Amino acid sequence: MTFPPNVTMLRLLAPLVCTALAACDIAGPATSPHGGLSHAAPTGGGNLSVHAKAGTIGPSVHATTVAHASAATTSASASAHPAPFGSYLRPYAATSLWNARPVNPTFGTFVIPRSRYFPTVASGAYSTGVFLASATDKPMTIVGPGSTDAHTVGVADPDSGGNRVITLPRWPVGVLPASGTDGHADIVDPVTQTIHSFWQLKQKDGRWTAALYSWSKLSGNGWGDPAHYYQGARAVGIPASAGLIRRHEIKDGLATYPHALAMSLTKNGLANGVSSPAYVFPATSADNTAAANTGAIPQGALLMLPRSFDSSEITNPDLKKIVETLKLYGAYVVDYNTGTPFVIYVENDTGFNLMPTGWDGKVASQLDEIRASLRQVTAVQGWIDGNGNTANAAIKAQQNMNILSMRGPWSRQSGTGTAAYDTAEQRLVFEPASSKTVYVNASNAGLTRVNWAKPSEKAHVELAVSATGGATLRLQVKSNDIVTEETRDLGNGQSTRFVWPANAKLTLTATSGAGGASTVKASLVKLP
């Protein structure tokens, strides 16, 4: 998807299909002329959009090999001693949908159509590198496009609801953004256990710039939650590295990759958000160009091969491993591309290549067979997590998460203190003041825009407050300009329940403690 480099957050947060933000597509590699598909790479210009990418199925587009710090794990040790969940080599919790596998899935009937190119599995211009910082790395400041020595522009940050200068406490040597216009790069901080995800990251004139920044917890679910709905540079609000085939996994001796894969579809495969949802759980957003789609698969959907898919004729070991992974874990649709039925993403600069000696019609034909056999998972009997345990309750809980963010804008109602939203801690932070200060937020910017997470009328919900330093939070709820709920000032550990009205509008009133610093945040969840 596209948006102007200097777009305001007002435009960024317009609820076109929940959130119309992220980076978009990866192009179809060039392919062979079977069934209307071509193996000739498209040339630049013509009628191709600015995001129409070209390139043969081959090695990574990057000529430079980047040393990924602490990633030098041998295949033997990786398979014998798998890294712990929530680490650089094995991101996210064992109960994350990336690491869980479905039990007895039920499939839809929609078949991914053919398009201009054959499907592919590749690294390159629209994949990403995953760069590990060390505890001793120096900080780095990232500014928005168009920044100069005399004028600094902020980076779009959907979670904070504005544009701001980003300073990471640790910046690894050798960061190399993907060469395509999306400029993906994910940086893992082992100290804060955070994945920093950038869109259109560039180094120019001695400064780093990016058009968009989001962060995600390394030990989290690997997807946005309704309150912190945007946690990475992919269209569905996740890091570009989520679901990536990683360098240390390619030759690890295992029959499958130990997680679900990340996949993009082109427009004739994706749903348009009008006749069917543009995105579904666990995705928390979709591309802002979804209305042009003509298919039926929403972003966030899990696609799998049926267990009956015959892989006996597949002799390419890399392709066979992908097939077995698609049968066991599947792949989540995380983005759109231009002209390729599907693309599965591989970490950059790995040398991964399904056609190392040039065009291979047999591999292309088998990729097309995979396309014709992939189906959307519409229901499952249950889930098994990465440790082999039943994960049904954990997955269900991920569908009923906090829907209230403390993001602003906040305005001071009384007192002399100041307060600001802290995206890292997801809370409102009051600076120390001699007396209490009151801030009000009636913007509803913090109420989720995630369609599947919104409470329905008459649903029972619970507001719970977490605070320090004596801060409190009060909530007023209106329905069609009539107050339906007015809580008292709730302090740390206090909560209240009420019935959700139609057309709910919220007003939050936060009051600081007196004397020292104080903080407050709240969760608002649907009750069973």
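Residues numbered from 1 in each chain as written. Predicted model: local features only at pLDDT ≥ 70, side-chain atom pairs only at ≥ 80, totals over all residues. Heavy atoms only, no water.

S.K.: Tell me about the overall build of the protein chain, residues and numbers included.
M.R.: Helix and strand counts for the protein chain come out as five helices and 29 strands. Counting every position in the protein chain, which comprises 528 residues, the buried fraction comes to 57%. In the structure as shown, the protein chain presents an accessible area of about 20,500 Å², 53% of it carried by carbon and sulfur atoms. (Helix = DSSP H or I, 4+ residues; strand = E, 2+ residues; numbered from the N terminus. Buried < 20%, exposed > 50% of the residue type's maximum accessible area, 1.4 Å probe, protein only. Areas by Shrake-Rupley, 256 points an atom, 1.4 Å probe, with all protein chains shown as cover.)

S.K.: Describe the pattern of salt bridges, naming the residues involved and giving the relevant values.
M.R.: A full pass over the atoms with the stated rule returns 15 salt bridges. The closest approach of N and O atoms between R164 and D157, which form a salt bridge, is 2.6 Å. Its relative accessible area of 1% is what places D157 among the buried residues. Between R427 and D422 there is a salt bridge, and its shortest N-O distance comes to 4.0 Å. (Salt bridge = Lys/Arg side-chain N within 4 Å of Asp/Glu carboxyl O.)

S.K.: Got a sec to walk through the layout of surface pockets? Specific residues and values, please.
M.R.: A volume near 360 Å³ is recorded for the second largest pocket. In this structure, the second largest pocket is lined by 26 residues; those nearest its centre are D225, H228, Q231, M401 and Q426. Sorting the residues of the lining of the second largest pocket by element identifies β13 (212–217) and β29 (518–526) as the ones contributing at least two each. Looking at the lining of the second largest pocket, the element that brings in the most residues is β13, giving three residues. (1 Å grid on protein atoms, 1.4 Å probe; cavity = no way out; pocket = protein on both sides within 12 Å on 5 of 7 lines; lining within 4 Å. Points joined across faces, edges and corners; volume = space filled by probe spheres on them.)

S.K.: Could you give me a rundown of the packing of aromatic side chains, with the residues and numbers involved?
M.R.: According to the stated counting rule, one finds eleven aromatic pairs in the structure shown. Between the aromatic rings of F430 and Y439, the centroid separation amounts to 6.0 Å while the plane-to-plane angle is 70°, which identifies the pairing as edge-to-face. Just as F430 is buried, Y439 falls in that class too. Here a set of aromatic residues connected by ring pairs shows up, and it is made of W171, F198, W208 and Y213. In this arrangement the basic side chain of R246 is found over the ring face of Y88, its NZ or CZ atom lying 4.7 Å from the centre. Seen from the ring of Y336, K267 lies directly overhead, with NZ or CZ sitting 4.0 Å from the centre. (Phe/Tyr/Trp six-rings, centres within 6.5 Å; stacked < 30°, edge-to-face > 60°. Lys NZ or Arg CZ within 6 Å of the ring centre and 35° of its normal.)

Limitation: the analysis is restricted to geometry and does not speak to function.
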